[in-house]
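# Structure at a glance
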Amino acid sequence: MMKSIVETRGLTVVRGHHPVLTDLDVSIGPGVTGLLGPSGCGKSTLLRSIVGVQRIEGGSVTVLAEPAGSAPLRRRVGYVTQAASVYDDLTVAENLRFFARVLGVPDIATEAARVLEAVDLGRQRDAVVGELSGGQRSRVSLAVALLGTPGLLVLDEPTVGLDPVLRRDLWALFHRLADDGTAVLVSSHVMDEAERCDRLLLMREGQILADDTPAAIKAGAGADDIETAFLMLVEGDGAVA
Amino acid sequence: MSPRVVAAIARRVLTQLRRDRRTLAMLFLLPTLLITLLWWMYSNDGAVFDRVGPALLAIFPFTIMFLVTSVTTLRERSSGTLERLLAMPMGKLDFLLGYAVAFAIVAVAQSVLAVGISVGLLDLEVAGPVWLLTVVAVVDAVLGTALGLLVSAFARTEFQAVQFMPALVIPQILLCGLFVSRDALPEVLGALSDALPLSYAVDAMTHLGVATTTAEVWADLAVVGGFVLAGLALGAATLRRRTA
């Protein structure tokens, strides 16, 4: 049994009178885990529940052995939303310094330089965020999430709209972080990103269709790629455990 | 509460303001320009300027801070930065106090400028101590900040936030005693005026304009301070770590 970083039991979330997640049991371990599914399937809601910013109707979410959203986790979970949650009117360095102070990171200058290096924005450190491209802004947001080396990094569609080179570099970064001991949970609606994950959760309409390595999911469905496997799982209506 | 986080937020808000030249100009020059306009309007009758000038020194900082704070915090709510901060080790009160401290610092500069020019250049006659006039103006600006923080919770867009100004600020200006003295208001309106914070701020200013005693001023200031604390406490209640 692998060590689990995130554990949901009977998680139920209702938004605007519609159940988004119903009685969901998910277990996420170390490494890079991909949460894949179409837009609106409940990926963001699940991620928000794990970070502890989602109001939940029932069930429990445990992260790094603490209840999700509890005070001890606020330093240990990094979260990047789809919108770049940084200040457009501050420079990259000012954003990092501010969030580092809120987190109480000891050596702010060194830490800011380290995370900037990680997302390859060293040259943009004194640029005002509002003047950067969309891809650069989302990397600033990612850099903020890396401050203080969290034990779990939750990323909601971080690669949307990025050019392929940058996308490849980001996936390489996720794996480096995972090798250094940070569990990484990445959502995406692009099926071709599935192959880059150590483990996959395929999600549709609030249900987990499959939870395994990419190779095992393809083999189980008898498909050559994840997209086909996804279709077969939906049409065959049988979930791979 | 964490002083480290409060200081970080105050510093960050001030850095953002420093970058925004137009807002800075609005914050520092507008009150002074408006009071100069009034001085000019009443240049044939200095007594009227002496009567309404102190009241305006209370009204302008309040109004401008209300507007600036409600829009700034709303932007923080809608951009996702507030959600990010709430997922970090930041207390709700830290957030509000950080804003209050930053805008209080701005208010000090703003009020010193407005009071200094009114008294020094425009010959506003003030019977009470001028420094106390400045203190009232600052507390008043902080009141604007506290109420602005609170209403930002009830607006979804910056457009809606701006609409709170005519809805919540103008009635206070009409009923604060500037147009009709508060004891001459119809009974119901008098009671309403008694329940509004700006009335006390204007009372304090008006008193300083004509009298040298300060006890009444401190009493009015205490009431305004109470509204500030209530506004911050209610504002904290509107910040939710978990949202639907």
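Before reading on, note that the structure itself is shown above.
The notes below deal with the structure included here. Keep in mind it's a predicted model, so treat the numbers as computed, not measured. (Residues numbered from 1 in each chain as written. Chains lettered and ligands numbered in written order. Predicted model: local features only at pLDDT ≥ 70, side-chain atom pairs only at ≥ 80, totals over all residues. Heavy atoms only, no water.)

### Describing the side chain of T12(A)
Residue and element names in this part refer to chain A. Along the chain, the position of T12 falls in strand β1 (residues 6-15). There is a polar contact of 3.0 Å between the side chain of T12 and the backbone nitrogen of D23. Look past the residues within four positions of T12 in its chain and what remains in contact with it is L21, T22, D23, I56, E57 and G58. (Helix = DSSP H or I, 4+ residues; strand = E, 2+ residues; numbered from the N terminus. Polar contact = N/O pair within 3.5 Å; in protein donor to acceptor, adjacent residues only side chain to side chain. Contact = heavy atoms within 4.5 Å.)

### Focus: the pairing of strand β3 (residues 32-36) of chain A
Residues and elements named next belong to chain A. β3 sits mainly inside the fold: 5 of its 5 residues count as buried. By the alternation rule, side chains of β3 split into V32, G34 and L36 and T33 and L35, which are all buried. With 5 bridges joining them, β3 and strand β8 (residues 183-188) adopt parallel strand pairing. Residue pairing for β8: V32 is matched across the bridge by V184. The pairing of β3 with strand β9 (residues 199-204) spans 4 bridges and is parallel. The residue of β9 that forms the bridge with G34 is L200. (Buried < 20%, exposed > 50% of the residue type's maximum accessible area, 1.4 Å probe, protein only. Pairing = 2+ DSSP bridges.)

### Overview of the interface of chain B and chain A
Opposite the 27 residues of chain B that make contact, chain A presents 34 residues. Of all residues in chain B, R84(B), R242(B) and A244(B) bury the most surface against chain A, accounting for 26% of the area lost on that side. For the pair chain B and chain A, the number of links is 2 salt bridges. Its salt-bridge partner being R48(A), residue E83(B) comes within 2.7 Å of it at the nearest N-O pair. Taken together, the connections running from chain B to chain A amount to 19 residue pairs in polar contact (both at pLDDT 80 or more). For the side of chain B that touches chain A, the secondary-structure elements that each account for two or more residues are α1 (3-19), α3 (46-79) and α4 (81-86) of chain B. Here the side of chain B that touches chain A takes 10 residues from α1(B), the largest share from any one element. (Buried area = accessible area lost by both parts, 1.4 Å probe. Salt bridge = Lys/Arg side-chain N within 4 Å of Asp/Glu carboxyl O.)

### Thoughts on the sheet that holds strand β10 (residues 207-212) of chain A
Residues and elements named next belong to chain A. What the 6 strands build is an open sheet, ordered β6-β7-β8-β3-β9-β10; its pairing is mixed. The open sheet terminates on both sides in strands that have one partner only, identified here as β6 (77-80) and β10. With strand direction ignored, the average angle separating the axes of adjacent strands in the sheet is 15°. Of the pairings in the sheet, the one linking β6 to strand β7 (residues 152-156) comprises 4 bridges and is parallel in character. Paired with Y79 across the two strands is V154, which belongs to β7. Packing of helix α1 (residues 43-51) onto the sheet brings it into contact with β3, β6, β7, β8 and β9, and relative to β7 it is tilted by some 150°. Relative to the sheet, helix α5 (residues 164-179) contacts β3, β7 and β8, its axis offset from that of β8 by approximately 150°. (Axes fitted to C-alpha atoms, helices over the stretch in contact; angles between N-to-C directions.)

### Regarding the pairing of β8(A)
All names here are of chain A. In terms of burial, β8 is a largely internal element, 6 of the 6 residues being buried. Here β8 shows a buried face lined by A183, L185 and S187 and a second buried face lined by V184, V186 and S188. Where β7 lies against β8, 5 bridges are found, and the strand directions are parallel. Residue pairing in the sheet places D156 in a bridge with S187 of β8. This β-α-β element, β7 to α5 to β8, shows right-handed connectivity. (Right-handed = clockwise from strand over helix to strand, strands pointing away.)

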